[in-house]
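Geometric and topological summary
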Amino acid sequence: MVLYEALPLEAYHFLFVFARIGAMVMVLPGFGETYVNTRIRLALAVLLTLVIQPIIPGLPALPPAPLVLVGDIIPELLIGVALGLFVRVLLFTAQIAGTIISMQVGLAMAMTFDPAQGVQGALLGTFLTLLATVLVFTTGLYQTMLMGLVASYDLAPAGEFLSVRDAAAAFVGFVAQIFRLAMQLAAPFLLFGFVFYVGIGILSKLMPQVQVFFIAIPANLLLGHGILMIGVGALMLALFSAYERHLRLIFGV
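Here's what I pulled together on the structure shown here.

**Considering the overall build of the chain**
In terms of regular secondary structure, the chain is built from eight helices and two strands. Written out in order from the N terminus, the α and β elements of the chain read α-α-α-β-β-α-α-α-α-α. Considering only intrachain contacts with a sequence separation of at least 6, the fraction spanning at least 24 residues in the chain is 80%. Summed over its atoms, the accessible surface of the chain is roughly 13,600 Å², and 76% of this surface lies on carbon and sulfur atoms.

This is the structure we're talking about:
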């Protein structure tokens, strides 16, 4: 009899936690990519909820009516999506930096399908995005994301509303930081592009008979890719140091 009376409350608590955890898993980079089967993402969200739900404090009591339940679940869904988007935007750093680099090395028009976003993207932007997604798992950064699922209840306790105004202001500032980080990562290629095109301009003035167009494009591709081959390790190291720092700032872990 006691078990029978406790089952509705346990089911409600599971649904309550699943709303936030499931929403975050569907948005988080690596876990929530479009090329990951929906059933796999759903199963992962259910398993994570089974593990996390018993340790979440302050879960609300069973609501007296179904409409109240809906009113409790919707804020949790919004909190999960909002926190997941913060982490998802981190991955855009690689795409933005790759697009800037593509412009500097002569591959701005080389487009390819980006499976992470489901749209066409610059070739190097797609390459760096896929490389970053792979490194999320090979470096163990995904563990910080999973810890963030639990830490999100310290940031936004269960049953409390998230301030839309504060969340919007934080998101705008966060996006500005992401663009600044992308520019810093692409800075060596911006410097290379500036020096290269200034040099080509001087050459065209000193030797007008030289076919600058046929010299500039192969040289730009060769030098730009050479710099990328030498510096991609340092670029990804700087990127993941920033990833980890921002993740810990978001979730406080």
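**So, the packing of helix α4 (residues 123-138) against helix α8 (residues 212-251)**
When two helices pack together, their arrangement is given by the angle between their axes and by how far apart the axes lie. Interaxial distance between α4 and α8 falls to 11 Å at its minimum, and their mutual angle equals 55°. For the element pair α4 / α8, the angle class is oblique. Crossing hand, α4 versus α8: right-handed. On α8, the residues that touch L124, L128, L131, A132, L135 and V136 of α4 are L228, V232, L235, M236, L239, F240 and Y243. Among the residues making up the contact of α4 with α8, the classes are represented as 13 nonpolar, no polar and no charged.

**Some words on a nonpolar patch on the surface**
A contiguous nonpolar patch, built from L191, F194, V195, V198, I202, L206 and M207 and spanning about 710 Å² of accessible area, is present on the exposed surface. Note that L206 resides in helix α7 (residues 187-206).

**Brief notes about the pattern of salt bridges**
Enumeration over the complete set of coordinates arrives at one salt bridge. Taking the shortest distance from any N to any O, the salt bridge between E76 and R20 comes out at 2.9 Å. Here R20 lies in helix α1 (residues 2-27) and E76 lies in helix α3 (residues 66-104), a separation of 56 residues in the sequence. Assigned by exposure class, E76 and R20 land together as buried.

Reading the values: the criteria
- Going along each chain's sequence as written, the residues are numbered from 1 onward.
- Per-residue local features of the predicted model are confined to residues with pLDDT of at least 70, and side-chain atom pairs are confined, for both listing and counting, to 80 or more; whole-chain, interface and lining totals are unaffected and use all residues.
- Excluding hydrogens and water, the side-chain values take into account all heavy atoms of the structure.
- Going along the chain from the N terminus, every DSSP run of H or I of four or more residues is numbered as a helix, and every run of E of two or more is numbered as a strand.
- By definition, residues are in contact when any of their heavy atoms lie within 4.5 Å.
- In short, Shrake-Rupley with a 1.4 Å probe defines the accessible areas, and a residue's cover is counted only from the protein chains shown.
- Lines fitted to C-alpha atoms define the axes, with helix axes restricted to the stretch in contact, and inter-axis angles between N-to-C directions lie between 0 and 180 degrees.
- Should an angle fall under 35 degrees it is taken as roughly parallel, and over 145 as roughly antiparallel, whereas 65 to 115 is taken as roughly perpendicular and any remaining angle as oblique.
- Crossings are classed by handedness, with left-handed meaning an anticlockwise turn of the near helix from the far one by less than a right angle and right-handed meaning a clockwise turn.
- Residue type decides the class: Asp, Glu, Lys and Arg count as charged, Ala, Val, Leu, Ile, Met, Phe, Trp, Tyr, Cys and Pro as nonpolar, and the leftover types, Gly among them, as polar.
- A patch consists of residues exposed above 30% relative accessible area that lack any salt bridge, with like charges linked at up to 9 Å and nonpolar side chains (Val, Leu, Ile, Met, Phe, Trp, Tyr) linked at up to 5 Å.
- One speaks of a salt bridge when a side-chain nitrogen belonging to Lys or Arg is within 4 Å of a carboxyl oxygen belonging to Asp or Glu.
- Relative accessibility decides the category of a residue: with a 1.4 Å probe and only protein chains considered, values under 20% of the type maximum give buried, values over 50% give exposed, and everything between is partly exposed.

These figures capture arrangement, not role.
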